[in-house]
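Survey of secondary and tertiary structure
Here is what each chain is made of, one letter per residue.
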Amino acid sequence: MKMADRRQSVGRDLGGMLSGRVRFDPLSLAMYSTDASIYQITPLCVVLPRDEQDIVKLVQYAGSEGIPVIARGGGSGLAGESVGEGIILDMSRYMNRILKVDPDANEAVVETGVILDELNRHLAPYGRQIGPDPSSGNRATVGGVIGNNATGAHSLKYGYISRHLRRLRAVSADGQLVELADH
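The following paragraphs examine the structure supplied in this document. Keep in mind it's a predicted model, so treat the numbers as computed, not measured.

Rules behind the numbers
- Residues numbered from 1 in each chain as written.
- Predicted model: local features only at pLDDT ≥ 70, side-chain atom pairs only at ≥ 80, totals over all residues.
- Heavy atoms only, no water.
- Helix = DSSP H or I, 4+ residues; strand = E, 2+ residues; numbered from the N terminus.
- Rg over C-alpha atoms; globule rule 2.2 N^0.38 Å.
- Buried < 20%, exposed > 50% of the residue type's maximum accessible area, 1.4 Å probe, protein only.
- Contact = heavy atoms within 4.5 Å.
- Areas by Shrake-Rupley, 256 points an atom, 1.4 Å probe, with all protein chains shown as cover.
- Lys, Arg positive; Asp, Glu negative; His and termini not counted.
- Charge placed at Lys NZ, Arg CZ, Asp CG, Glu CD.
- Salt bridge = Lys/Arg side-chain N within 4 Å of Asp/Glu carboxyl O.
- Expected span 1.5 Å × (residues − 1).
- Pairing = 2+ DSSP bridges.

Quick notes on the overall build of the protein chain
For the protein chain, the helix and strand inventory stands at six helices and eight strands. Going residue by residue from the N terminus, the α and β elements of the protein chain occur as α-β-α-β-α-β-β-β-β-α-α-α-β-β. In terms of overall dimensions, the protein chain is globule-like: its C-alpha atoms have a radius of gyration of 17 Å, near the 16 Å expected for 183 residues. Expressed along its principal axes, the backbone C-alpha trace of the protein chain runs to roughly 55 × 35 × 25 Å. A burial count over the protein chain gives 39% of its 183 residues as buried. Here the contacts in the protein chain between residues at least 6 apart in sequence split such that 50% fall between residues at least 24 apart. Total accessible area on the protein chain is roughly 10,300 Å²; 50% of this is exposed by carbon and sulfur atoms. Distance from the positive charge centre (20 side chains) to the negative charge centre (21 side chains) of the protein chain: 3 Å.

Here it is, written out as structure tokens:
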């Protein structure tokens, strides 16, 4: 099957099963073919999920079709980790809410597409911040920071982001929603 036909087929399939947006037009593909690295790889399509159920359905579909899924945050990584020939999964469009802040418990619950600096601005009135401070914080999403286990200029003081996580909801490679916790 020609790549253009494959894009149409996958785009139609996903468009019919997801509540989020599916993009496979030339402009979207060009925009998502690069990140902050030197690489340029045109994806099959781009999915902007509205919720975690969209992600579950996407991962299950991609697994059944043998299509890689590339989760993308702000595209600020330097190693090409947010580009690829499969389905780009961009959660920054719709899954970008700060759901809860409990300063007494030193806890914030956020969706994966929240920009790190926006979260820190939200936490500032409580005298709190996310410790790791990557230089890309003004565009890096929390999901991308976690995916890269980011740190920053103050790494000796704050360490990596993994040191600050208590719970994480994720979708496994076989499309199951899982909750991981540090006990």
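Overview of the pattern of salt bridges
Note on pairing: side chains with opposite charge can pair once their charged atoms come close. Counted according to the given criterion, the structure contains eight salt bridges. Across the pair arginine 6 and glutamate 65 runs a salt bridge whose closest N-O atoms are separated by 3.8 Å. Of the two residues, arginine 6 is situated in helix 1 (residues 3-17) and glutamate 65 in helix 3 (residues 52-65); the sequence distance between them amounts to 59 residues. Since its relative accessible area comes to 36%, glutamate 65 is described here as partly exposed. Glutamate 107 is the salt-bridge partner of lysine 100, the closest N and O atoms lying 3.6 Å from each other.

Digging into the environment of glutamate 179
One can find glutamate 179 in strand 8 (residues 177-181). Sequence separation of glutamate 179 and arginine 169 is ten residues, and the distance between their C-alpha atoms is 4.4 Å. Residues within four places of glutamate 179 in sequence aside, it is in contact with Arg167, Leu168 and Arg169.

Some remarks on the environment of glutamate 107
Within the secondary structure, glutamate 107 is located in strand 6 (residues 107-110). When its relative accessible area of 16% is taken as the criterion, glutamate 107 is described as buried. With 72 residues separating them along the chain, glutamate 107 and glutamate 179 place their C-alpha atoms 16 Å apart. With residues near it in sequence (within four places) discarded, glutamate 107 still touches Lys100, Val101, Asp102, Arg166 and Arg167.

Overview of helix 1
Given a rise of 1.5 Å per residue, 15 residues ought to cover 21 Å, and the 21 Å separating the end C-alpha atoms of helix 1 matches this to within 8%. For helix 1, the full list of buried residues reads Arg7, Ser9, Val10, Gly11 and Leu14. Taken together, the buried residues of helix 1 touch strand 1 (21-23), helix 2 (26-31), strand 2 (45-48), helix 3 and strand 4 (87-90).

Focus: the pairing of strand 7 (residues 167-171)
Strand direction decides the pairing type here: strand 7 and strand 8, joined by five bridges, are antiparallel. Within the sheet, the bridge partner assigned to leucine 168 lies in strand 8 and is leucine 180. Where strand 7 hands over to strand 8, the hairpin turn is made up of five residues, of which glycine 175 adopts a positive phi near 85°.

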